[in-house]
Amino acid sequence: MATIADGVHQSVRKTLWRTVQQTRFPLDRPIETLPLYVSSHAESLTAGDANGTGNDERAVVSGGVASMAAYFSAFPASYWHTWTSRRHVRLKITVNGACTVTVLRSDEHGDATRVLSKDAAQDGSFDEVLPLDAFQRGGWYWFEVAPQGPAVRIVNAEWQVQDDRGKQGTVTVVITTHDRPETCMGLLKSFGEVIGLGGRVEHIVVVDHGRRYPVEDNPHFGDLDPEVIRRLRVVKQRNLGGAGGFGRGMYEAIREELSDYVVVMDDDVAVDPESFIRGLAFADFCRDPTIVGAHMFEMNEPCVLSTFGEGIDRRDYMWDSVPGVVDSFDLSLHDLRKTPWLHRRFDVDYNAWWTCLIPVDVIKSIGLPLPVFIKWDDIEYGLRAGAHGIPTVSLPGFGVWHESWREKDAHNWQAYYLLRNRCIAALIHSPHRRGTGVVLTNLAFDIESLLCMRYSTAALRCQALIDLHREPADLLRESDGKLASLNSLRQGFLDASERAEDPDDISVEATPHRSDHTSPKSKIATLLRICALICRHAFTDRRHTVAPVLPAAMDEWRDIGHRDAVDIYFPNGNLVSRRRRSRSLFVSSLKGLLKEHARLWWNWPKLARMYRASASHLVSPDTQGAFLFDAKESR
């Protein structure tokens, strides 16, 4: 029987409880991930029991204190308090060996308070009910274990909430893939463990846009868990991009009434199975239908949290982390107790679709993603849901690993979709009559592209502005033919001629330290310097051909705007992009971009009316089913 912490009403004894978070220790995984599960000041944590029996989920504490003030082990009390009707959480711990268990809580400032501390006898247990009333703005619960003898084995640790509804929604997982069968196979293997843990995954829909052999023809397909194979269906269709792939999976889920939730996922993420189940449990208990998103950790630096929550600036419709969040934060260097900002509750506009749970009722209510091929489909969907009163929650403890966005080349063919789709989202959702903020920030970016000799990027973005004036229904007629035309346009420029290089043969200059450019005096100096560089690029011919190799982090006007030639090295793929200054290209590109930005600003009210009037038709399952999803399933 659970004991009741101070201030918790005795009536909670009579309720049923459901486990929504287990404390698991994946000690068979790379050791660098351990700070995500146990605070760095734990003196000794090893796999298995005290007799040396290995186990990847249980741990032995010998000496010191093992603190669960870590991302995957602490309980995000503030999020449960805010988005669910639960007002108590129960902590159940089973140990092998005498120890002292201490429960702590934090507030939104990160200040920790000890809630209670009790001894657990040999082969004993700890069972307490804790209140959630004081977590309005932020805060976590976590526990610490201190052995009273040589060692103590943590057999099990669970966080539970009262289960008066008994709802346990089923899930359809939607994965979009394109010519990456091995990567996709690795993700599918992880779902064997998710299903084994009771993850309620009823269907796994892989939407395959590739031209290579299908997923089920992979030599390792037979190695998948039989339960994964039984639930798997592979849908082959023409390449409709990420938006078309996720849209197809959602379409299948609502057309055939497959499940209560759809979880959309990139094919190249790594999943923590227990974390995945937490996202489902949280969605079950939300007061209203809620989109629940996972945080992203970087694959090559597994303790680096890419971002904790994202939003849209309504003035210029640029996405960014919400105020207060620290990007690319290394949790191996700072545990929960040392990181005050992590204790705040952050409300977001959307969650990116590296992994995101969407209730089927939401899809039926607001429709499918816009058919924009790739980029901004997830952001627009979050904005659309918010306009319908449907919140999005980026849930702590629900996280995946994904390849880092840093040092990727975002100036290739994707630049077209980044600009066009951002403008479409702003035209549909912006409250401003004129898109002045959008136009000015776009123009600033395009001028930087020209100063960095990214002439192909400027051409793609100019084409995006032209295409914005086409009928919105043309989005339904796009396929891989559009991508081919963009690649053809880009290949006419030298900076698009990327070549693969052996990194051992490249001498890359170090990234310089940059000074602050935010003071008023610095802003004026920056503006004058940009004007001088524009004049140089517009009125002087190239004089120098020596091309140093610079890292992708230096692909900015401050570092290369004064050069005549440079090569930019992108570690992702070991690609080198050639940049050579051209006065004629600069002048013609600048004229075209100025014309199209002025045209967009002038026509903004008319375009906004046009896209808003077409939006419901574009996202309708009936429309997309008729115009896009005509390919037959391969299984």
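Predicted, not measured: the structure shown is a model, and the values here were computed from it.

1. Quick look at the sheet that holds strand E5 (residues 66–67)
The 4 strands are arranged E5-E10-E7-E8 in an open sheet whose pairing can be described as antiparallel. Sheet topology places E5 and strand E8 (112–120) at the edges, where each strand pairs with a single neighbour. Pairing geometry for E5 and strand E10 (residues 141–147), over 2 bridges, is antiparallel. Residue pairing across strands places Ser67 opposite Glu144, the latter belonging to E10.

2. Quick look at the state of the cysteines
Applying the stated criterion across every chain yields a total of 0 disulfides. The thiol of Cys535 is not disulfide-bonded; the next cysteine sulfur, from Cys531, is found 6.9 Å away.

3. A closer look at the confidence of the model for the chain
Averaged over all residues, the pLDDT of the chain is 88; the fraction at 70 or higher stands at 88%. Across residues 49–56, confidence stays below pLDDT 50; counting only partners more than four residues off in sequence or on other chains, it has 12 contacts. Predicted confidence for residues 631–635 stays below pLDDT 50, and this span has 19 contacts to residues more than four positions away or in other chains.

4. Concerning helix H10 (residues 455–467)
Compared with an ideal rise of 1.5 Å per residue, which puts 13 residues at 18 Å, H10 spans 18 Å between its outermost C-alpha atoms and is within 8% of the ideal. Those residues of H10 not exposed but buried are Tyr455, Ser456, Thr457, Ala458, Ala459, Leu460, Arg461, Cys462, Ala464, Leu465 and Asp467.

5. Digging into the packing of helix H8 (residues 414–429) against helix H9 (residues 436–451)
Packing of H8 against H9 leaves a shortest axis separation of 11 Å and a crossing angle of 170°. Taken as axis vectors, H8 and H9 run roughly antiparallel relative to one another. The handedness of the crossing between H8 and H9 is right-handed. Facing Leu419, Arg422, Cys423 and Ala426 of H8, the residues of H9 in contact are Val438, Thr441 and Asn442. Residues that form the contact of H8 with H9 fall into these classes: 4 nonpolar, 2 polar and 1 charged.

6. Some words on the pattern of salt bridges
In this structure the tally under the stated criterion is 35 salt bridges. Across the pair Glu144 and Arg337 runs a salt bridge, and its minimum N-O distance is 3.2 Å. Placement of Glu144 in strand E10 and of Arg337 in the loop between strand E21 (329–330) and strand E22 (355–359) is noted, with a sequence separation of 193 residues between them. In this structure Glu144 comes out as buried when scored by relative accessible area, which is 12%.

7. Some details on the packing of H8 against H10
Taken N-terminus to C-terminus, the directions of H8 and H10 make an angle of 35°; their axes are 8 Å apart at the nearest point. H8 and H10 meet at a crossing whose hand is right-handed. Residue-level contacts link Ala415, Tyr416, Leu419 and Arg420 of H8 to Thr457, Leu460, Arg461, Gln463, Ala464, Leu465 and Asp467 of H10. Residues that form the contact of H8 with H10 fall into these classes: 6 nonpolar, 2 polar and 3 charged.

8. Quick look at the pairing of strand E6 (residues 88–96)
Regular strands place their side chains on alternate faces of the sheet. Where E6 and strand E9 (residues 125–131) come together, 7 bridges link them in antiparallel fashion. Its bridge partner being in E9, Arg90 is matched across the sheet by Val129. Relative to strand E11 (residues 152–162), E6 runs antiparallel, the two being bridged by 7 bridges. Bridge assignment links Val95 to a residue of E11, and that residue is Ile154.

Rules used throughout
Residues numbered from 1 in each chain as written. Predicted model: local features only at pLDDT ≥ 70, side-chain atom pairs only at ≥ 80, totals over all residues. Heavy atoms only, no water. Pairing = 2+ DSSP bridges. Helix = DSSP H or I, 4+ residues; strand = E, 2+ residues; numbered from the N terminus. Disulfide = S-S within 2.5 Å. pLDDT = per-residue confidence, 0-100. Contact = heavy atoms within 4.5 Å. Expected span 1.5 Å × (residues − 1). Buried < 20%, exposed > 50% of the residue type's maximum accessible area, 1.4 Å probe, protein only. Axes fitted to C-alpha atoms, helices over the stretch in contact; angles between N-to-C directions. Parallel < 35°, antiparallel > 145°, perpendicular 65-115°, else oblique. Left-handed = near helix turned anticlockwise from the far one by under 90°. Nonpolar A, V, L, I, M, F, W, Y, C, P; charged D, E, K, R; others polar. Salt bridge = Lys/Arg side-chain N within 4 Å of Asp/Glu carboxyl O.

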